[in-house]
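The lines below spell out each chain.
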Amino acid sequence: MKKNRQFVDIIMPNYNKGEYIEEAIQSVIKQSYKYWNLYIIDDFSNDFSMRVLKKFKKNKKIKVVFLKKNRGPSFCRNLGISLSKSSFISFLD
């Protein structure tokens, strides 16, 4: 019999944090708890964030949304919540 796995969805807003975003993503990947999905909402960054985020495109546990207009961190968090399918949500700002 398969155990019911409890997934945690992690929501990470990003705006011009290209210098730190890869380290933050790696911190999620290296967690001992493996039942997670990471939603990164890029708030129309104008630094090199997009280049860093594209490195993780093939990871099926990471979904990146690139906004076409700057909407602010609250909008990004709420969008992440609306995309989540989990009963458990965590924020990584």
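Note that this is a predicted model, so its numbers are computed, not measured. (Residues numbered from 1 in each chain as written. Predicted model: local features only at pLDDT ≥ 70, side-chain atom pairs only at ≥ 80, totals over all residues. Heavy atoms only, no water.)

Engineer: What am I meant to see in the overall build of the chain here?
Structural biologist: Secondary structure assignment for the chain yields 3 helices and 4 strands. Ordered by position from N to C terminus, the α and β elements of the chain give β-α-β-α-β-α-β. With the C-alpha coordinates aligned to their principal axes, the bounding extent of the chain is approximately 50 × 25 × 20 Å. Pairs at least 24 residues apart make up 79% of the contacts formed inside the chain by residues separated by at least 6 positions. Treating the 19 positive side-chain charges of the chain as one cloud and the 8 negative ones as another, the clouds have centres 11 Å apart. (Helix = DSSP H or I, 4+ residues; strand = E, 2+ residues; numbered from the N terminus. Contact = heavy atoms within 4.5 Å. Lys, Arg positive; Asp, Glu negative; His and termini not counted. Charge placed at Lys NZ, Arg CZ, Asp CG, Glu CD.)

Engineer: Is there a simple way to think about the environment of Leu83 in this case?
Structural biologist: Along the polypeptide, Leu83 turns up in helix H3 (residues 73–83). Since its relative accessible area comes to 30%, Leu83 is described here as partly exposed. A C-alpha to C-alpha distance of 14 Å links Leu83 and Phe7, two positions 76 residues apart in sequence. For Leu83, the residues in contact, after removing those within four places along its chain, are Tyr39, Ile41 and Val65. (Buried < 20%, exposed > 50% of the residue type's maximum accessible area, 1.4 Å probe, protein only.)

Engineer: Sorry if this is basic, but what is going on with the packing of aromatic side chains here?
Structural biologist: Both the distance between ring centres and the angle between the ring planes are used here to describe each pair of aromatic rings. Overall, the coordinates contain 2 aromatic pairs when judged by the stated rule. Note on Tyr33 and Tyr35: the rings are 5.6 Å apart at their centroids and 80° apart in plane angle, and the pair reads as edge-to-face. On the accessibility criterion, Tyr33 (40% relative accessible area) is partly exposed. An aromatic cluster is defined as three or more aromatic residues linked by ring pairs; in this entry it consists of Phe7, Tyr33 and Tyr35. The cationic tip of Lys61 hangs over the ring face of Trp36; the distance from NZ or CZ to the ring centre is 4.2 Å. If you follow Arg71 out to its NZ or CZ, it ends over the ring of Phe75, 4.1 Å from the centre. (Phe/Tyr/Trp six-rings, centres within 6.5 Å; stacked < 30°, edge-to-face > 60°. Lys NZ or Arg CZ within 6 Å of the ring centre and 35° of its normal.)

Engineer: How should the nonpolar core be read in this particular structure?
Structural biologist: Judged by nonpolar contacts, Ile10, Met12, Ile21, Ile25, Val28, Trp36, Leu38, Ile40, Val52, Leu53, Phe56 and Ile62 together constitute the single largest core of 12 residues. Once you skip the residues sitting within four places of it in the chain, Val28 turns out to touch Ile10, Trp36, Leu38 and Leu92. (Core = buried A, V, L, I, M, F, W, Y, C linked by side-chain atoms within 4.5 Å.)

Engineer: Explain the pattern of salt bridges to me, please; I cannot follow it from the model alone.
Structural biologist: When charged atoms on two side chains of opposite charge get close, those side chains can pair. By the definition in use, this model includes 2 salt bridges. Residue Glu22 is joined to Lys55 by a salt bridge in which the shortest nitrogen-to-oxygen separation is 3.1 Å. Taken together, the residues span a long stretch of sequence, with Glu22 in helix H1 (residues 18–29) and Lys55 in the loop between helix H2 (49–54) and strand E3 (62–66) at a distance of 33 residues. Of the charged contacts, one joins Asp93 and Arg77 as a salt bridge, the two residues approaching to 2.7 Å between their closest N and O atoms. Here Asp93, found in the segment after strand E4 (88–91), pairs with Arg77, found in helix H3; they are 16 residues apart in sequence, far enough to count as distant. Taking relative accessible area as the criterion, Asp93 reaches 63% and is therefore assigned exposed. (Salt bridge = Lys/Arg side-chain N within 4 Å of Asp/Glu carboxyl O.)

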